[in-house]
Amino acid sequence: MTADRVYNVLFLCTANSSRSILAESILETEGKGRFRAYSAGSQPKGEVNPLALKELAALGYPSTCFRSKSWDEFAKPDAPEMDFIFTVCDTAHGEACPVWIGHPMTAHWGVEDPAAVEGSEVEKARAFAQAARFLKNRIIAFLSLPLSSIDKLALEQHLRQIGGMEGTTAKPARDG
């Protein structure tokens, strides 16, 4: 890992309609050119949840040009090589993933699905705001890591710890 390159990051969620889209937009902006963010799903819904786009716009993040797509797009030989892959839903975390080009570092950053919340529009909007906040907190922690000066084992440990921050849906597996 070097300080003078752009890192590719893929966020995975089963439907690729809410959490992974939120994370993609947040990292693309907060990464300030140091990171290129992507998102995909194992079973893409085919459309982005309008409440995810509304939340991104409310927070001042890009909210256009997103699409729900399959993770198969990123397993092809001509796909960008990923440096990091983060699953943001428990379902995608438990699925058999494609073989990724370049053997990227992976971690699970599970966040509750805001699209699954039933109730009033206010309750749904609150769920999207909370998911965005949890994802942004993880992304800011990730961006603070000294990628060019940290060894691989320490980096993997930090990535797992980030996944266990407030709002996690599943406790990460303990080593040993």
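Data block above holds the structure.
So, about the packing of aromatic side chains. Evaluation of the coordinates by the stated rule reveals 11 aromatic pairs. Both rings, one in Tyr-7 and one in Phe-35, keep their centres 5.7 Å apart while their planes meet at 35°; by these two values the pair is tilted. Within this pair, whereas Tyr-7 is found in strand 1 (residues 7-12), its partner Phe-35 is found in strand 2 (residues 35-40), the two being separated by 28 residues in sequence. Judged by its relative accessible area of 2%, Phe-35 is buried. Where Phe-11 meets Trp-109, the ring centres are 6.4 Å apart and the plane angle is 50°; that geometry is what we call tilted. Here Trp-109 lies in the loop between strand 4 (105-108) and helix 4 (121-143) and Phe-11 lies in strand 1, a separation of 98 residues in the sequence. Assigned by exposure class, Phe-11 and Trp-109 land together as buried.

On to the packing of helix 1 (residues 19-30) against helix 4, then. Packed helices, taken two at a time, are described by the angle their axes make and the gap between the axes. Two elements in contact, helix 1 and helix 4, have axes whose closest approach is 9 Å; the angle formed by their N-to-C orientations is 45°. Relative to helix 4, the element helix 1 lies oblique. Crossing angle aside, the handedness with which helix 1 passes helix 4 is right-handed. Facing Arg-19, Leu-22, Ala-23, Ile-26, Leu-27 and Glu-30 of helix 1, the residues of helix 4 in contact are Phe-128, Ala-131, Ala-132, Leu-135, Lys-136, Ile-139, Ile-140 and Leu-143.

One pass over the structure, following the stated rule, counts eight salt bridges. In this structure, Asp-83 engages Arg-5 in a salt bridge whose closest nitrogen and oxygen atoms are separated by 2.9 Å. Taken as a pair, Asp-83 in the loop between helix 2 (50-59) and strand 3 (84-87) and Arg-5 in the segment before strand 1 lie far apart in primary sequence, 78 residues in all. Taking the shortest distance from any N to any O, the salt bridge between Glu-73 and Arg-67 comes out at 2.8 Å. On the accessibility criterion, Glu-73 (29% relative accessible area) is partly exposed.

Looking now at the sheet that holds strand 4. Pairing between the strands of a sheet comes from backbone hydrogen bonds, and it takes one of two forms, parallel or antiparallel. Taken together, the four strands give an open sheet; going across it, the order is 2-1-3-4, and neighbouring strands pair in parallel fashion. Whereas interior strands pair on both sides, the edge strands pair on one side only; in this sheet they are strand 2 and strand 4. Taken over all neighbouring pairs, the strand axes of this sheet differ in orientation by 20° on average, direction set aside. Across four bridges, strand 1 lies against strand 3 in parallel orientation. Within strand 3, the residue paired with Leu-10 across the bridge is Ile-85. Here helix 1 sits on the sheet in contact with strand 1 and strand 2, set at roughly 170° to strand 2. Most of the contacts of helix 5 (residues 152-163) go to strand 4, to which it runs at about 25°, and overall it touches strand 3 and strand 4.

On to the environment of Gly-60. Within the element layout of this structure, Gly-60 appears in the loop between helix 2 and strand 3. Placed 34 residues apart in sequence, Gly-60 and Ile-26 show a C-alpha to C-alpha distance of 9.5 Å.

Rules of the game
Residues numbered from 1 in each chain as written. Predicted model: local features only at pLDDT ≥ 70, side-chain atom pairs only at ≥ 80, totals over all residues. Heavy atoms only, no water. Phe/Tyr/Trp six-rings, centres within 6.5 Å; stacked < 30°, edge-to-face > 60°. Helix = DSSP H or I, 4+ residues; strand = E, 2+ residues; numbered from the N terminus. Buried < 20%, exposed > 50% of the residue type's maximum accessible area, 1.4 Å probe, protein only. Axes fitted to C-alpha atoms, helices over the stretch in contact; angles between N-to-C directions. Parallel < 35°, antiparallel > 145°, perpendicular 65-115°, else oblique. Left-handed = near helix turned anticlockwise from the far one by under 90°. Contact = heavy atoms within 4.5 Å. Salt bridge = Lys/Arg side-chain N within 4 Å of Asp/Glu carboxyl O. Pairing = 2+ DSSP bridges.

By themselves, these are just geometric observations and shouldn't be taken as functional.
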